[in-house]
Amino acid sequence: MLRSSCLFGRRLAIRSAQQYQPQRHMFLHSSLLHPPTPLATSSSSSMSSSHAVLLQQRQHQSPFQCGRAFSSTPTPPAAESHEFQAETRQLLDIVIHSVYTDKEVFLRELISNASDALEKLRHIQVSGEAAIADPSLPLEITITTDEEKGTLTLRDTGLGMTKTELVSNLGTIARSGSKAFVKELKEKAGEGTADAAGIIGQFGVGFYSAFMVGDSVEVASRSYSPEEPGHTWKSTGAGAYEIGPVEAGQDGRGSQITIHLKEKCKEFAKPARVKEIIKKYSNFVNFPIKVNGEVCNTVRALWTEDKKDITDDQYKEFYRFIANAYDDPCYRLHFRTDAPLDLKVLFFIPSFHGEKFGMGRLDPGVSLYSRKVLIESKCGRILPDWMRFIKGVVDSEDLPLSISREKAQDTALLKRIERVLVRKVLKTLEDEARKDPATYKEKFFKEFGYFLKEGICHDFENAPRIAKLLYYESSRLPAGESTSFDEYISRCDPEQNAIYFLCAPNRELAEASPYYEAFKRSNKEVIFVYNAIDDFVMNNLKTYHGRDFKTAEATGLDLGPDKKTEEEEDKKDGDSDGSALPPLTEAEAEDLAKWLVSTLPEKLQDAKTTSRLYDSPAIVTDHESGALRRMMRMVEQQSMGQASFVPKQHLEINPRHPIIIRLHALRTEDAELAKVVAEQVFDNAMVAAGLLDDSRVMLPRLNQLIERLVRAGK
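The text that follows walks through the structure, step by step, so that each part is easy to find. (Residues numbered from 1 in each chain as written. Predicted model: local features only at pLDDT ≥ 70, side-chain atom pairs only at ≥ 80, totals over all residues. Heavy atoms only, no water.)

Considering the pairing of strand S21 (residues 618-621)
This is how the line gets drawn: When a residue's accessible area, from a 1.4 Å probe over protein chains only, is under 20% of the maximum for its type it is buried; when over 50% it is exposed; and in between it is partly exposed. The helix count covers DSSP runs of H or I at least four residues long, the strand count covers runs of E at least two residues long, and both are numbered beginning at the N terminus. Two strands pair under a simple rule: DSSP has to find at least two bridges between them.
Of the two faces of S21, the one carrying Ala618 and Val620 and the one carrying Ile619 and Thr621 are both buried. As judged from the 4 bridges shared by S21 and strand S22 (residues 649-653), these two strands associate in the antiparallel manner. Pairing of Ala618 across the sheet is with Ile653, part of S22.

Observations regarding the pattern of salt bridges
Test applied: Think of a salt bridge as a Lys or Arg side-chain nitrogen and an Asp or Glu carboxyl oxygen that are within 4 Å of each other.
One pass over the structure, following the stated rule, counts 44 salt bridges. Ionic pairing is found between Asp328 and Arg320, a salt bridge with its closest N-O pair at 2.2 Å. In this structure, the salt-bridge partner of Glu397 is Lys344, at a minimum N-O distance of 3.7 Å. In this pair, Glu397 sits in the loop between strand S14 (391-396) and helix H11 (411-435) while Lys344 sits in strand S11 (residues 343-349), placing the two residues 53 residues apart along the sequence. Classification of Glu397 by relative accessible area gives partly exposed; the value is 24%. When salt bridges with common partners are traced through the structure, they connect Glu104, Glu267, Arg273, Glu276 and Lys280 into a single cluster.

Structural notes on the side chain of Ser221
Put simply, the rule reads: Polar contacts here mean pairs of N or O atoms no more than 3.5 Å apart (in protein, one a potential hydrogen donor and the other a potential acceptor; neighbouring residues in sequence count only if both atoms are side-chain atoms). Contacts between residues were defined by any pair of non-hydrogen atoms, one from each residue, lying within 4.5 Å.
Looking at the secondary structure, you find Ser221 in strand S4 (residues 214-222). The class for Ser221 is buried, based on a relative accessible area of 0%. Within the structure, the side chain of Ser221 is placed 2.8 Å from the backbone nitrogen of Met161, a separation counted as a polar contact. Beyond its immediate sequence surroundings of up to four residues, Ser221 is in contact with Gly160, Met161, Leu166, Gly230, His231, Gly254 and Ser255.

Re unusual backbone geometry
Excluding glycine, most residues fall at negative phi; most peptide bonds, likewise, are trans. A positive phi angle, close to 50°, is found at Asp134, a residue other than glycine. Inspection of the secondary structure puts Asp134 in the loop between helix H6 (105-127) and strand S2 (141-146). Judged by its relative accessible area of 33%, Asp134 is partly exposed. For Asn324, which is not glycine, the phi torsion reads 55° and is therefore positive. Position of Asn324 relative to the elements: it lies in the loop between helix H10 (312-323) and strand S10 (331-337).

A word on H6
Threshold: Between the first and last residue of a helix there are one fewer steps than residues, each counted as 1.5 Å, and that sum is the expected span.
Taking 1.5 Å per residue as the helical rise, H6 with its 23 residues ought to reach 33 Å, and the 33 Å between its terminal C-alpha atoms agrees with that figure. Backbone geometry just downstream of H6 places Gly128 in the positive-phi region, at approximately 65°.

Okay, here's the thing in structure tokens:
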């Protein structure tokens with residue numbers, strides 16, 4: 001009886017082994033297609049030779065041996081071999097070779113999945129829904145590298161997987177349990193539950209990124225459920241995988257992924273390289289990440305925390321980390337929104353930037369995260385380019401990501417996010433300028449004003465709001481002080497319907513400009529702008545609070561009656577001795593204007609008299625911007641030495657100026673000298689307007705005039 005039961009037990013063991021490895025034990029399967037023959041007939045001629053050998057071996061076993069084979073713990077079943085479906089193999093090939101642009105992101109994907117598993121287990125622990133195996137195990141992610149063997153092993157102490165879940169989650173591509181888990185939580189707890197906030201999810205194909213760097217991948221996993229045994233999953237990514245019993249030493253709760261790295265990817269077996277990737281992508285994961293026993297994600301994700309719980313020093317430390325900087329930020333902006341978009345934002349404005357030092361154009365300074373995992377570093381689509389000086393983080397759970405999670409897909413949604421962020425930044429700057437204008441002007445605008453001006457030239461939607469943040473020197477204020485457009489308007493006469501500005505290299509030249517004379521005499525305030533971009537700013541804005549921007553170089557300006565200064569009155573009294581020349585009559589001035597046009601036909605469109613000048617003989621008006629002219633000249637530097645085109649100008653002459661008065665007489669007394677003087681008067685006007693490309697063209701003429709002057713002195 002004992003022998004019969006032993007034989008029966010053997011048969012069951014063999015059949016059990018068949019279920020796990022049918023191909024390797026096909027010969028046993030074929031020999032057991034029929035029930036075993038009883039011992040009493042073991043010598044029957046109908047028994048096959050294989051049956052006879054098998055039974056003979058069993059008959060020589062002792063009863064103890066037979067009982068042990070049946071009653072003791074059976075040998076773990078052999079591994080099962082499975083094949084991916086045809087479409088799954090194709091998708092796997094795409095994931096390995098086409099989805100990701102950078103191989104290093106495989107580690108981000110695996111860490112994200114591990115973080116998911118830990119977050120799910122933490123929820124179960126808190127809710128007390130079920131018993132948990134090894135409850136004292138800390139929730140953490142450990143990474144071990146072996147440069148000699150060329151392996152990288154990542155282990156988490158999270159949820160783990162059963163055999164069925166291994167097949168379902170790893171055997172079927174593009175499947176992730178995170179989305180279903182969050183959905184289940186929301187159904188149980190209602191909208192807005194905080195328990196689901198830590199689940200990264202939506203990764204789907206992330207696990208398969210390991211095959212980008214590995215020749216083979218092994219997964220050992222044991223479910224959190226105490227009664228569930230551990231299992232292994234192995235594959236080379238070639239279309240098949242094996243599932244078998246877990247090996248000794250790998251039966252702890254959670255999952256362990258071992259990657260046997262490809263020869264060309266052995267860099268990922270170096271601890272320093274692994275730490276670099278973690279710092280870049282996964283530094284803010286909720287759980288400790290240990291690399292060869294050392295915790296390497298020590299910086300907190302401050303943007304997810306309440307700003308009331310964060311100190312200034314913690315903000316400064318985070319800024320230096322995220323911006324790779326050593327200075328203290330000038331301003332910071334920390335906020336979160338739930339509607340219409342879920343956003344967690346932490347922005348910093350540095351105390352200086354490197355573009356002004358010739359260090360090249362700044363890269364975008366804001367990185368895009370999703371649930372604390374980096375999606376796109378230095379994202380150029382989350383803020384407009386003119387805000388590239390801002391450093392910080394934007395974290396959104398609403399972003400639909402590409403399959404590789406390296407970019408956000410919804411361009412329209414990104415534009416909505418950009419509008420929200422730009423409004424928030426501008427509002428913050430407006431508040432700072434109002435609360436502490438001195439600090440704003442000295443620390444922020446002096447350093448970053450150029451970027452705001454760039455924004456006006458490119459961001460037409462926000463240009464009016466940006467204009468509120470601009471500051472310029474003014475003729476009404478002492479040198480070094482600046483004013484906003486709102487402050488300028490507050491000082492204007494109610495009937496003034498324009499904001500006047502004058503472009504010049506500096507204040508000294510602005511105050512000496514012939515275009516400023518009329519404003520000085522009429523006591524009209526004019527804004528001084530010193531940079532080439534300022535001319536574009538004014539022309540792009542066009543109006544501000546119902547007042548047009550007008551350049552002081554325009555013709556036909558109506559500045560009201562002159563308000564002569566005391567100095568001018570004294571000068572007038574000094575000229576009353578008869579030494580002053582009488583101004584040209586209207587007919588004489590008109591006659592001289594016609595002569596100038598006929599003498600300089602290639603340079604003048606027309607000429608006329610003006611009453612706006614006092615100390616200068618002539619100006620050109622309604623001309624192209626001097627700043628634009630200089631910019632065009634830089635672009636045309638590759639024109640092989642050819643002179644750039646200069647359009648004909650509109651000349652306005654001062655009939656009261658001695659040069660103009662004497663020129664009128666000189667054109668009949670010495671026509672040759674009169675032409676030289678006319679050319680010089682015109683070039684002087686072009687210099688004052690910033691339109692003369694190269695003043696060296698005047699040197700021969702100036703030498704000629706000096707020579708005539710010296711001769712006359714003899």
